[in-house]
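Structural overview
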Amino acid sequence: MAALLLLGVVMGSVAHAPLPVSLVAAAVIGVWLVVFALRERSARRRHPSAN
């Protein structure tokens, strides 16, 4: 429920923000997600889980 509420707040903010601001925010979030994914992948290769 909290995730849906947060999504609604973010989507509402994006609807009122200028397009360049929305695109910059989307790019920053995208870069952050790529960096996070790469760090997770490298961590799993160094320390494989017991599963």
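So, here's what we can say about the structure.

Rules used throughout
Residues numbered from 1 in each chain as written. Predicted model: local features only at pLDDT ≥ 70, side-chain atom pairs only at ≥ 80, totals over all residues. Heavy atoms only, no water. Helix = DSSP H or I, 4+ residues; strand = E, 2+ residues; numbered from the N terminus. Rg over C-alpha atoms; globule rule 2.2 N^0.38 Å. Buried < 20%, exposed > 50% of the residue type's maximum accessible area, 1.4 Å probe, protein only. Areas by Shrake-Rupley, 256 points an atom, 1.4 Å probe, with all protein chains shown as cover. Patch = residues over 30% accessible without salt bridge, like charges linked within 9 Å, V, L, I, M, F, W, Y side chains within 5 Å. Salt bridge = Lys/Arg side-chain N within 4 Å of Asp/Glu carboxyl O. Expected span 1.5 Å × (residues − 1).

**Re the overall build of the protein**
Helices and strands together make up the secondary structure of the protein, namely two helices and zero strands. For the protein, the C-alpha radius of gyration of 16 Å lies well beyond 10 Å, the compact-globule estimate for 51 residues. If one aligns the C-alpha atoms of the protein with their principal axes, the spans along those axes are about 45 × 30 × 5 Å. A buried classification covers 2% of the 51 residues belonging to the protein. Surface exposure of the protein reaches about 4900 Å², of which carbon and sulfur atoms provide 74%.

**Quick look at a nonpolar patch on the surface**
Among the surface-exposed residues, Leu4, Leu7 and Met11 lie close enough to one another that they form a single nonpolar patch of about 340 Å² accessible area. When you line up the elements, Met11 lands in helix H1 (residues 2-16). The exposure class of Met11 is exposed, given its relative accessible area of 51%.

**Let's talk about the environment of Arg45**
Mapping Arg45 onto the fold places it in helix H2 (residues 19-46). In this structure Arg45 comes out as exposed when scored by relative accessible area, which is 68%. Through-space distance from the C-alpha of Arg45 to that of Ile29 is 24 Å; in sequence the pair is 16 residues apart.

**With respect to H1**
Compared with an ideal rise of 1.5 Å per residue, which puts 15 residues at 21 Å, H1 spans 22 Å between its outermost C-alpha atoms and is within 8% of the ideal. Counting buried residues in H1 gives zero out of 15 residues, a small share hidden from the surface.

Any link to function would need more than the numbers given here.
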